[in-house]
Amino acid sequence: MPGRVRKDPLRKPDRPYLALGLEGSANKFGAGVIKHFEDGSTAVLSNIRHTYITPPGEGFQPRDTALHHREWALKVINDCLTKADVSMHDLDCICYTKGPGMGAPLQSVALVARTLSLLFNKPLVGVNHCVGHIEMGREITGAQNPVVLYVSGGNTQVIAYSRQCYRIFGETLDIAIGNCLDRFARVINLSNDPAPGYNIEQEAKKGKRLLALPYTTKGMDVSFSGILTSVEAYTFDKRFRANGQPQNSNDEDIITPADLCFSLQETIYAMLVEITERAMAHIGSKEVLIVGGVGSNERLQEMMGIMAQERGGKVFATDERFCIDNGIMIAQAGLLSFRMGFETPLSESTCTQRFRTDEVHVAWRA
Amino acid sequence: MASPSSSLALISTSTLISQGAEAKVYKAHLSAAPSDPPVLLKHRFRKGYRHPTLDASLTRGRVAGEARALLKCLRAGVNVPGIRMVDAAEGVLAIDWITGNSVRKLLPGGADEDEDTGEDEDESEADAADALQEYDISVDVLMQLIGQEIAKMHLADVIHGDLTTSNMMLRHPASFTSRHPTLRTELVLIDFGLSYHSNLVEDKAVDLYVLERAFSSTHPDSEPLFASVLKAYEQRLGKEWAAIGRRLDEVRLRGRKRSMVG
């Protein structure tokens, strides 16, 4: 009901709280320790991540990614505790990603979380990955009630908070934006280090020619699969030069990989900004928060900034430490729900590949 | 078609009414004559964040598409505002000004769309009932009108793309002479910005589903209302209904179970 201000249900803690967060829904394994103080402030004590990087032209397979997480889990968690200067015994709870994500990697991390929980007799909190991104973004940027654009390798959603639920206003109808970028990077053989999207962004800076691609917004939803097919098709065009160089001095009408990266970025980011603007107009919000791995893209942040400025609004974005999947965001969202009395009993400490953002009861917000 | 400078000059003399996500809406007069009725100007202004080439081609396509859909509806006898001017290059579309209210404001729950109205629900419901009386129409007849207009539009193979109660208006009886024996008003469909041409059962069913979601999110306890919209739609559509109805049931399931995994 508009005009009515509900009381903040989250009371200030009676003592400092500590939580460990474990994340591994895709190709990054992350661990972080967060501390909530009595005065309501928050401190990131440590935030460590290790990324599974595959050779150019290859994606990460669930089985190999799970293996990577199992190999790195203990080292990353140890580093994380050492850096935070806390022991396992000091923790109030252990938070882990319940979903959504890739099945095998999620299971590996859930297993680590369960084992630690039993060893040290600490309660478990299962966290929705998307809600983790949103809560960490709000904490870092101080945005109060923003429209959230959540863009990553597995998710593309426009979200706004309403009545203790993060409602999805628009989302992708097929593949996620990061998936589209990753797969295109594979087509033109870009490196996966540090991330395919980052390398596309660098390549796009050299592009000059805007090639026509489908522009597929449908109301507040978007679709990327056709765009991926179209941009791939340009690599079979007879004007395409894989090395980006003209064959001779008369060879002027050419398409380079840089042009394709540039065109792809301009098109898909314009679509995202458009649906975000539509959601802002719909709910009358002036704040935008960009979260998720693709959110670290500077061109996307720049375009969003121009849009927000035209509307008299403001953009909140975080850097790669908090944008890209990390353990600390799981700790933050988990600790918020733990302070509201939420725990995941061992018998229910499962994980799931399908876990929609709007299924979570956001008990800690008014 | 007007030259770019003249349509922008026209905007500079018009009154800004609202700014949506995509366009600014103005009230304007095409000529200085006092008898000249006002028009509604919809200006899809330049988006600074978009590459200029991309922006220009999108704007051109969308203005032309909207005008095309309106024309198609007009030819098929669907109640939509008439086109007065199209300037696709500048992104300007002028249509007849409609005096009246959106259906959203006339139904319970829809009046409190603006934040901080400060009213509680009972009051706004009473307001909605009062407003309908002014139009001399019952909720049931209004729902029939909605169903009929959508059916007429779908029979012309136009898909609206954004059916909500905000995108339907009732003409105010004071400024409208109805040719209907008992009805003093008329339902008009507006905002064809997301519309397209299609004869697929799928697209028509999705169009109806969008409206159903809009009803349930804006107007509490509106299931019986939407049911009578569908009934009128079914009657008007005749034998084509069976396939669309079946597909609508499928689309409903799809909406709920849509997965978020890419």
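The structure presented is a predicted model; accordingly, all values stated were derived computationally and were not measured. (Residues numbered from 1 in each chain as written. Chains lettered and ligands numbered in written order. Predicted model: local features only at pLDDT ≥ 70, side-chain atom pairs only at ≥ 80, totals over all residues.)

With respect to the overall build of chain A
Scanning chain A from N- to C-terminus turns up 10 helices and 12 strands. Expected size for 366 residues packed as a compact globule is a radius of gyration near 21 Å; at 21 Å, chain A falls within 12% of this value. For chain A, the C-alpha atoms occupy an extent of roughly 75 × 50 × 30 Å along the three principal directions. The long-range share in chain A, meaning contacts at least 24 apart out of those at least 6 apart in sequence, stands at 76%. (Helix = DSSP H or I, 4+ residues; strand = E, 2+ residues; numbered from the N terminus. Rg over C-alpha atoms; globule rule 2.2 N^0.38 Å. Contact = placed C-beta atoms within 7 Å.)

Remarks on the domain arrangement of chain B
Residues and elements named next belong to chain B. Here chain B is partitioned into domain 1 (4-96) and domain 2 (100-257). Taking only C-alpha atoms, the centre of domain 1 and the centre of domain 2 are 24 Å apart. Taken together, the contact between domain 1 and domain 2 spans 14 residues of the former and 15 residues of the latter. In the side of domain 1 that touches domain 2, the residues fall into 7 nonpolar, 3 polar and 4 charged. (Domains from an automatic or database assignment. Nonpolar A, V, L, I, M, F, W, Y, C, P; charged D, E, K, R; others polar.)

Some words on the sheet that holds strand β4 (residues 93-99) of chain A
Consider a sheet: its strands pair through backbone hydrogen bonds, and that pairing is either parallel or antiparallel. All names here are of chain A. Taken in spatial order, the 5 strands line up as β3-β2-β1-β4-β5 in an open sheet, and their pairing is mixed. The outermost strands of the open sheet, each flanked by one partner alone, are β3 (42-51) and β5 (124-128). Each strand axis lies, on average, 20 degrees off the axis of its neighbour in the sheet, ignoring direction. Most of the contacts of helix α10 (residues 327-339) go to strand β1 (residues 17-23), to which it runs at about 130 degrees, and overall it touches β1, β2 (28-36), β3, β4 and β5. (Pairing = 2+ DSSP bridges. Axes fitted to C-alpha atoms, helices over the stretch in contact; angles between N-to-C directions.)

Details of unusual backbone geometry
All names here are of chain A. P100 follows G99 through a cis peptide bond whose omega is -5 degrees. By secondary structure assignment, the location of P100 is in the loop between β4 and α2 (103-120). In this structure, P194 follows D193 across a cis peptide bond, with omega equal to 0 degrees. Mapped onto the secondary structure, P194 falls in the loop between α4 (177-187) and α5 (196-204). The backbone of N121 sits at a positive phi, close to 55 degrees, despite the residue not being glycine. In this structure N121 comes out as exposed when scored by C-beta crowding, with 9 C-beta atoms within 10 Å. Phi at N189 takes a positive value of approximately 60 degrees, unusual for a residue other than glycine. When you line up the elements, N189 lands in the loop between α4 and α5. Here N189 falls in the exposed class, since 11 other C-beta atoms lie within 10 Å of it. (Buried ≥ 20, exposed ≤ 12 C-beta atoms within 10 Å, placed from the backbone.)

Observations concerning the environment of E343 of chain A
Mapping E343 of chain A onto the fold places it in the segment after α10. When the C-alpha atoms of E343 of chain A and S223 of chain A are compared, they prove to be 37 Å apart, with 120 residues separating the residues in sequence.

Looking at helix α1 (residues 62-84) of chain A
The periodicity of an α-helix, 3.6 residues per turn, causes residues three or four places apart in sequence to face the same way. Residue and element names in this part refer to chain A. At W72, α1 shows its largest bend, some 45 degrees. Here α1 has its buried residues at T65, A66, H68, H69, W72, A73, V76, I77, C80, L81 and A84. At its buried positions, α1 is contacted by β2, β3, α2 and α10. Note on α1: the residue one or two positions beyond its end, D85, has a positive phi of about 60 degrees. (Bend = angle between axes of the 7 residues up to and from the residue.)

Digging into the domain arrangement of chain A
Residue and element names in this part refer to chain A. When the domains of chain A are assigned, the result is domain 1 (17-135 + 324-359) and domain 2 (146-322). Taking only C-alpha atoms, the centre of domain 1 and the centre of domain 2 are 27 Å apart. Contact with domain 1, which involves 19 residues of that partner, is made by 25 residues of domain 2. Sorting elements by how many residues they give to the side of domain 1 that touches domain 2 places helix α3 (residues 129-141) first, with 4 residues. Here the residues of the side of domain 1 that touches domain 2 are counted per class, giving 9 nonpolar, 8 polar and 2 charged.

Let's talk about the confidence of the model for chain B
Residues and elements named next belong to chain B. Per-residue confidence for chain B averages 84 on the pLDDT scale, and 88% of its residues sit at or above 70. Model confidence for chain B, summarised as mean pLDDT per element, is weakest for helix α4 (residues 121-134) at 66 and strongest for strand β7 (residues 158-159) at 96. Under a pLDDT of 50 for its full length, residues 113-121 has, in the predicted model, 12 contacts with residues more than four places off or in other chains. With pTM at 0.85, the complex prediction returns an ipTM value of 0.84. (pLDDT = per-residue confidence, 0-100.)

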